[in-house]
Amino acid sequence: MKITAESLTTLTRNVFLAAGCEQAEADCVADHLVKANLSGHDSHGVIRIARYLPWLRKGLVLANQKVKVVIENDAMAMLDGCSGMGQAIGTQAVRMGIEKSDRSGVSVVALGKVGHLGRIGHWAEMAADAGRVSVHFVNTTGLGGVVAPFGGMDRRLSVNPIAAGVPVAGADPVILDISTTKVAEGKIILARTRGEALPADCIIDGEGRPSTDPNVFYDDPGAMLPFGGHKGYGLGIIADLLAGALTVGGCTNPANNVQLHNGMLSIYIDPRLFGDESFRNGEIRRFIDYVKSSRTIREDGQVLMPGELEALNRKKLLRDGIELDGSTCELISEACESLEVDTSLLRTD
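Summarised in this report is the structure supplied together with it. (Residues numbered from 1 in each chain as written. Predicted model: local features only at pLDDT ≥ 70, side-chain atom pairs only at ≥ 80, totals over all residues. Heavy atoms only, no water.)

Overview of a nonpolar patch on the surface
Side chains of Val106, Leu273 and Phe274 sit close together on the surface and give an oily, nonpolar patch of about 290 Å² of accessible area. Looking at the secondary structure, you find valine 106 in strand β4 (residues 106-114). Overall, the relative accessible area of 33% leaves valine 106 in the partly exposed class. (Patch = residues over 30% accessible without salt bridge, like charges linked within 9 Å, V, L, I, M, F, W, Y side chains within 5 Å. Areas by Shrake-Rupley, 256 points an atom, 1.4 Å probe, with all protein chains shown as cover. Salt bridge = Lys/Arg side-chain N within 4 Å of Asp/Glu carboxyl O. Helix = DSSP H or I, 4+ residues; strand = E, 2+ residues; numbered from the N terminus. Buried < 20%, exposed > 50% of the residue type's maximum accessible area, 1.4 Å probe, protein only.)

In structure tokens:
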């Protein structure tokens, strides 16, 4: 079925209000999840409602939390996320990083012990909207340790996404948003929900054999594989060290496998520090145009900048509506019914 972004946002907001989130937090979580759907990343969109609600009920993530400052100076902060909702806590942390870079030009914010932070590209976009260059390294401290190291078959790492953003004057920013695995775990959840096969070389079973069956990952259990072999593995190690050892959260640790906590180390740069703004803006635009002028392999193809596909998706889906598959609708309906939230917005004529 198709649903407008406005209706889906209203429905999602109502779910989290009913689950105990205050208005501002429910708005924040709903906006973030629906923007993931609009960006074409359904794995980090409203399908996550079905995971977040049990965590809230069990106290594994807490509503209406504020970040706790552990260490702070003019240019950096170490923050404890207090097991709060990742979208709300992440917003607080990114705002602090932007504000500190206003004063110092460059800032670093280390955030730990926070619930699932959602689509990490959102934070790079938020910084770019404020005119900041940013880089974000994320890990999961234990429950998300589902990735085999290069050359190994046992679960040892998290998917450890990395995002970066560069604002572009008069145009959408360049946004890189990748997991260090071939696919994010949310893609496996989505494939399992939809009864679809995974691409090759994404997962292995418990004996290290390649598989495309998402059920193998959960039931065998298997492990996810880093992208690009040793290259993705190396980036995953760096992300875990930066987002884990430099925050209050810690690196991937099986002793922490009851509760999902993310850690995020973020660097914010005010590009105005770096000389002539006119030259910088012109050079960014010239370089983008030069790269995009490449001949395309397909006659009807085009060269896109990182983040451009998401921007195109948002324009299209805001106009045409968001497509939700039957399984996702069912999961959302069940969540709504458990909280006595009206599901009429999910119904089609």
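Remarks on the packing of aromatic side chains
Within the structure shown, the criterion is met by three aromatic pairs. Centroid distance phenylalanine 16 to tyrosine 52: 6.4 Å. Interplanar angle 55°. Geometry classified as tilted. Pair noted here: phenylalanine 16 is in helix α1 (residues 5-18) and tyrosine 52 is in helix α3 (residues 49-58), with a separation of 36 residues, a long-range link. Aromatic side chains phenylalanine 217 and tyrosine 218 sit 4.7 Å apart centroid to centroid with 80° between the ring planes, which places their arrangement in the edge-to-face category. Using a relative accessible area of 1% as the deciding quantity, one classes phenylalanine 217 as buried. Taking the relative accessible area as the measure of exposure, tyrosine 218 reaches 24% and is therefore partly exposed. An aromatic cluster of three or more residues is present, and its members are Phe16, Tyr52 and Trp55. The residue whose ring lies beneath arginine 155 is phenylalanine 217, and the NZ or CZ to ring-centre distance is 4.6 Å. (Phe/Tyr/Trp six-rings, centres within 6.5 Å; stacked < 30°, edge-to-face > 60°. Lys NZ or Arg CZ within 6 Å of the ring centre and 35° of its normal.)

Notes on the sheet that holds strand β10 (residues 223-224)
Pairing within the open sheet is antiparallel, and its three strands lie in the order β9-β8-β10. The open sheet terminates on both sides in strands that have one partner only, identified here as β9 (210-211) and β10. Judged from the two bridges that link them, strand β8 (residues 203-204) and β10 form a sheet pairing that is antiparallel. Each residue of the ladder has a partner; that of isoleucine 204, found in β10, is alanine 223. (Pairing = 2+ DSSP bridges.)

Some words on the sheet that holds strand β2 (residues 68-72)
Judged by pairing direction, the sheet is mixed, and its seven strands sit side by side in the order β2-β3-β4-β11-β5-β6-β7 without closing on themselves. Single-partner strands in this sheet number two, and they are β2 and β7 (171-178). On average, each strand axis in the sheet is inclined to that of its neighbour by 15°, with strand direction left out of account. By the bridge criterion, four bridges tie strand β5 (residues 133-140) to strand β6 (residues 162-168) in an arrangement that is antiparallel. Note on β6: the bridge partner recorded for valine 135 is alanine 164. Across the sheet, helix α5 (residues 121-129) lies against β5, β6, β7 and β11 (262-269), angled at about 150° from β7, the strand it touches most. (Axes fitted to C-alpha atoms, helices over the stretch in contact; angles between N-to-C directions. Contact = heavy atoms within 4.5 Å.)

Some points on the nonpolar core
Formed by 30 residues in total, the largest nonpolar core has its most connected members in Phe16, Val46, Ile49, Ile322, Leu324 and Ile332. Within the residue set of this core, elements represented by two or more residues are α1, α2 (23-38), α3 and α11 (326-338). Among all residues touching valine 46, those that are not within four sequence positions of it are Leu8, Thr12, Leu33, Val34, Asn37, Leu324, Thr328 and Ile332. Counting residues in each nonpolar core, the second largest holds 23 residues, with Ile89, Ala93, Leu117 and Ala128 among its members. (Core = buried A, V, L, I, M, F, W, Y, C linked by side-chain atoms within 4.5 Å.)

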